Amino acid sequence: MAVGKEIRLKIKSFENTKKITKAMELVSASKMRKAQDRMRSGRPYSDKVRNIIANLAGANPEYRSAYQRTDATSKKVGFVVVTTDKGLCGGLNTNLLRNVTQKMRELQGQGVEVQAVAIGNKGLGFLNRLGVPVVSHLTQMGDKPSLEKLIGPVKVMLDAFVEGRLDAVYLCYTRFINTMRQEPMVEPLLPLAASRLAQTEQEKAQYGWDYLYEPDAQTVIDELMTRYIEALVFQAVAENMASEQSARMVAMKAATDNAGNLISELKLVYNKTRQAAITKELSEIVSGAAAV
């Protein structure tokens, strides 16, 4: 019964695949909870820095940081593209990179040159295939993002903006909304918009005090601006990692369910084939006995 043997081999293969995808689903579920905790723990720091900057900037309205300037005319724009190092996470990277490509083509249609910083192996490979100049990159970050590793690649883009070699910088990542939903984001990072530094009435009351600072307000504001921008990039990476684990868990669950359905269908086909073979053998035996 050669056909039955082939079906049994297929069933065994799908069962092995189901075990792998189920294990990956459980691992992703565990990593997802840790990634969400890291994502949430980074928000208070960036909020604190933002409120201090807003308070100092309000006390020194005559000073405007280089990160807020809008008078550059270099006709160049930078992109910080945050993707995953590994695949098997559904359409997470595809959706983001589609939006990035659309934005780049829109700018290139206006005569603007684009360059990028790639954070994540998938984004680096895509940008190289697209022919976009990659000025720096960071891959193989592991499951826990490190600010020390992020500072170097990001600083290349920040320095270029401060020196006037870039008109704007966009931050591209996948924002975590919930376990079943992640949203690709392509949002302006530089120049820093006033809306990013806006305070609510509650925050104004909470942070409305005078500061003693050294050496001067301008230097302190610039340093805090740098820390704030680095915190925004770190938060984007943390959100992307939480989105990655959520998307991988959902994708592996779907793969496990599909494998289970295929196994059920193959078992039904195998039983029908086996029953047909048994019926055929019985018919042959009965026919032979009648002939005798």
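To be clear, the structure that these remarks concern was listed above.
Presented here is an overview of the structure given in this document. In this text, all values refer to a predicted model and were calculated from it rather than measured experimentally.

So, how was this worked out
- Residues numbered from 1 in each chain as written.
- Predicted model: local features only at pLDDT ≥ 70, side-chain atom pairs only at ≥ 80, totals over all residues.
- Heavy atoms only, no water.
- Helix = DSSP H or I, 4+ residues; strand = E, 2+ residues; numbered from the N terminus.
- Rg over C-alpha atoms; globule rule 2.2 N^0.38 Å.
- Buried < 20%, exposed > 50% of the residue type's maximum accessible area, 1.4 Å probe, protein only.
- Contact = heavy atoms within 4.5 Å.
- Polar contact = N/O pair within 3.5 Å; in protein donor to acceptor, adjacent residues only side chain to side chain.
- Phe/Tyr/Trp six-rings, centres within 6.5 Å; stacked < 30°, edge-to-face > 60°.
- Core = buried A, V, L, I, M, F, W, Y, C linked by side-chain atoms within 4.5 Å.
- Pairing = 2+ DSSP bridges.
- Expected span 1.5 Å × (residues − 1).
- Arc of directions from axis to C-beta.
- Axes fitted to C-alpha atoms, helices over the stretch in contact; angles between N-to-C directions.
- Left-handed = near helix turned anticlockwise from the far one by under 90°.
- Nonpolar A, V, L, I, M, F, W, Y, C, P; charged D, E, K, R; others polar.

1. Brief notes about the overall build of the chain
Then, in step 1: For the chain, the count of helices and strands is 7 helices and 5 strands.
Then, in step 2: Computed over the C-alpha atoms, the radius of gyration of the chain is 28 Å, more than 25% above the 19 Å expected from 2.2 N^0.38 for a compact globule of 292 residues.
Then, in step 3: Considering only C-alpha atoms, the chain reaches an extent of 115 × 45 × 30 Å along its principal axes.
Then, in step 4: When burial is assessed residue by residue, the chain has 41% of its 292 residues classed as buried.
Then, in step 5: Partitioning the intrachain contacts of the chain with sequence separation of at least 6 by distance along the chain shows that 77% fall at a separation of at least 24.

2. A few points about the side chain of Thr21
Then, in step 1: As for its placement among the helices and strands, Thr21 is situated in helix H1 (residues 2-41).
Then, in step 2: Here Thr256 takes part through its side chain, which lies 2.9 Å from a polar atom of the side chain of Thr21.
Then, in step 3: Non-local contacts of Thr21, meaning those with residues more than four positions away in its chain, are made with Met252, Ala255 and Thr256.

3. Let's talk about the packing of aromatic side chains
Then, in step 1: Counted by the stated rule, this structure contains 1 aromatic pair.
Then, in step 2: Plain terms: the ring middles of Phe79 and Tyr170 are 5.3 Å apart, the flat faces sit at 20 degrees to each other, and that makes the pair stacked. One end of the pair, Phe79, is in strand S1 (residues 76-82); the other, Tyr170, is in strand S4 (residues 168-178), and 91 residues separate them in sequence. Across the pair, exposure class does not vary: Phe79 and Tyr170 are buried alike.

4. A short note on the nonpolar core
Then, in step 1: Counting residues in hydrophobic clusters, the biggest one holds 37 residues, and the most contacted among them are Val80, Ile119, Val169, Leu171, Leu189, Leu190 and Leu192.
Then, in step 2: Elements with a contribution of two residues or more to this core: helix H2 (43-59), S1, strand S2 (113-119), helix H5 (147-162), S4, strand S5 (181-190) and helix H7 (217-291).
Then, in step 3: Excluding anything up to four places from it in sequence, Leu190 contacts Tyr67, Leu158, Phe161, Ala168, Val169 and Ile229.
Then, in step 4: If you look at the next biggest cluster of nonpolar residues, it comprises 19 residues, including Leu96, Met104, Val114 and Ala118.

5. Here's the deal with the pairing of S5
Then, in step 1: Pairing of S4 with S5 involves 9 bridges; the strand directions are antiparallel. Looking at S5, one finds that Tyr173 is bridged to Met185.
Then, in step 2: Following S4, the chain reverses through 2 residues before pairing antiparallel with S5.

6. What about helix H3 (residues 92-109)?
Then, in step 1: For H3, built from 18 residues, the straight-helix expectation of 26 Å at 1.5 Å per residue is met to within 8% by its first-to-last C-alpha distance of 26 Å.
Then, in step 2: All buried positions along H3 are accounted for by Leu92, Asn93, Leu96, Leu97, Val100, Thr101, Met104 and Leu107. Along the long axis of H3, the arc covered by the buried residues comes to 140 degrees, so they all point the same way. Away from its buried face by more than 90 degrees, H3 exposes Gln102, Arg105 and Gly109.
Then, in step 3: Just downstream of H3 lies Gly111, where phi reads positive at about 80 degrees.

7. Things to note about the pairing of S4
In summary, the side chains of a regular strand alternate between the two faces of the sheet.
Then, in step 1: Most of S4 sits out of view: 8 of its 11 residues are buried.
Then, in step 2: Note that S1 and S4 share 5 bridges and pair parallel. Within the sheet, the bridge partner assigned to Gly78 lies in S4 and is Val169.

8. A short note on the packing of H3 against helix H4 (residues 121-130)
Each packed pair of helices is defined by two parameters, the angle between the axes and the distance between the axes.
Then, in step 1: Where H3 contacts H4, the two axes come as close as 11 Å, and the packing angle between them is 35 degrees. Read as a crossing pair, H3 and H4 show a hand that is right-handed. On H4, the residues that touch Asn93, Leu97, Thr101 and Met104 of H3 are Lys122, Gly123, Phe126, Leu127 and Leu130.
Then, in step 2: Each residue belonging to the contact of H3 with H4 can be placed in one class, and the counts come to 5 nonpolar, 3 polar and 1 charged.

All quantities given are derived from atomic positions and should not be read as evidence of function.
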